[in-house]
Amino acid sequence: MTTRANRLPAPRRGRPLRTAFARATGRHRTFLIATCVALVLAAIADEATGYDGPGPFIYPAFAVLIALLPWRFTPLFVVAMSALFIFGGLESPEFVHRLTTPGQALNFAAAWLQMLGFAAAAGFAVAAVVVSHRAAGSRS
């Protein structure tokens, strides 16, 4: 009787995929990744101006939430968060001044990058949910 010393374990089959990125395929995965990238860009823009707030920690936390939680409606949390931060930014006279004063190039560009990052993240998140819903409906 012969045995192999370097026997490789058999691949596991039927093991459920646990993260959203692992379960997503095609356009759904692309939209999830784009949502996370937009949130990271918003965090970088927020930090670039030296603003002392929780934003640079909150945005990547939502990106991790999107990447890990496999529930297909999880990206809608990003839509709500983006809407709140856009509304809050537009309500702040200091932030509106940064958006409308191109004299300080870094603050101007960072403010617009942050707003566009939120808008893009919300759009990509909605697209991820719609594509996910269509894919789930076509399988049944």
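This text goes with the structure placed above it.
Quick notes on the rules
Residues numbered from 1 in each chain as written. Predicted model: local features only at pLDDT ≥ 70, side-chain atom pairs only at ≥ 80, totals over all residues. Heavy atoms only, no water. Phe/Tyr/Trp six-rings, centres within 6.5 Å; stacked < 30°, edge-to-face > 60°. Helix = DSSP H or I, 4+ residues; strand = E, 2+ residues; numbered from the N terminus. Buried < 20%, exposed > 50% of the residue type's maximum accessible area, 1.4 Å probe, protein only. Core = buried A, V, L, I, M, F, W, Y, C linked by side-chain atoms within 4.5 Å. Contact = heavy atoms within 4.5 Å. Expected span 1.5 Å × (residues − 1).

J.: Now, about the packing of aromatic side chains: what can you tell me, with residues and values included?
T.: Summed over the entire model, instances satisfying the criterion amount to 6 aromatic pairs. Judged by centre distance (5.2 Å) and plane angle (90 degrees), the ring pair of Tyr 59 and Phe 85 falls under edge-to-face. With Tyr 59 in helix α3 (residues 55-68) and Phe 85 in helix α4 (residues 75-91), this residue pair connects regions lying 26 residues apart in the sequence. Take Tyr 59: its relative accessible area is 1%, and that puts it in the buried class. Classification of Phe 85 by relative accessible area gives partly exposed; the value is 28%. Considering the side-chain rings of Trp 71 and Phe 73, the 5.5 Å spacing of their centres and the 70 degrees angle between planes classify their relative orientation as edge-to-face. Classification of Phe 73 by relative accessible area gives partly exposed; the value is 28%. Feature note: the residues Tyr 59, Phe 85 and Phe 118 constitute an aromatic cluster, connected by ring pairs.

J.: I'd like to hear about the nonpolar core, residue by residue, with values.
T.: Leu 32, Leu 39, Tyr 59, Val 78 and Phe 118 are the most contacted members of the largest nonpolar core, which totals 21 residues. When contributions to this core are tallied by element, the ones reaching two or more residues are α2 (26-48), α3, α4, α5 (93-100) and α6 (105-139). Once residues within four sequence positions are removed from consideration, Leu 39 is found in contact with Tyr 59, Phe 62, Ala 63, Val 78, Met 81 and Ala 121.

J.: How would you sum up the side chain of His 28? Please name residues and give values.
T.: Within the secondary structure, His 28 sits in helix α2. Take His 28: its relative accessible area is 16%, and that puts it in the buried class. Those residues in contact with His 28, other than ones at most four positions away along the chain, are Ala 128, Val 131 and Ser 132.

J.: Outline α2, listing residues and values.
T.: In an α-helix, one turn spans 3.6 residues; hence positions three or four apart end up facing the same way. For α2, built from 23 residues, the straight-helix expectation of 33 Å at 1.5 Å per residue is met to within 8% by its first-to-last C-alpha distance of 33 Å. Listed as buried for α2 are His 28, Leu 32, Ala 34, Thr 35, Cys 36, Ala 38, Leu 39, Ala 42, Ala 43, Ala 45 and Asp 46.

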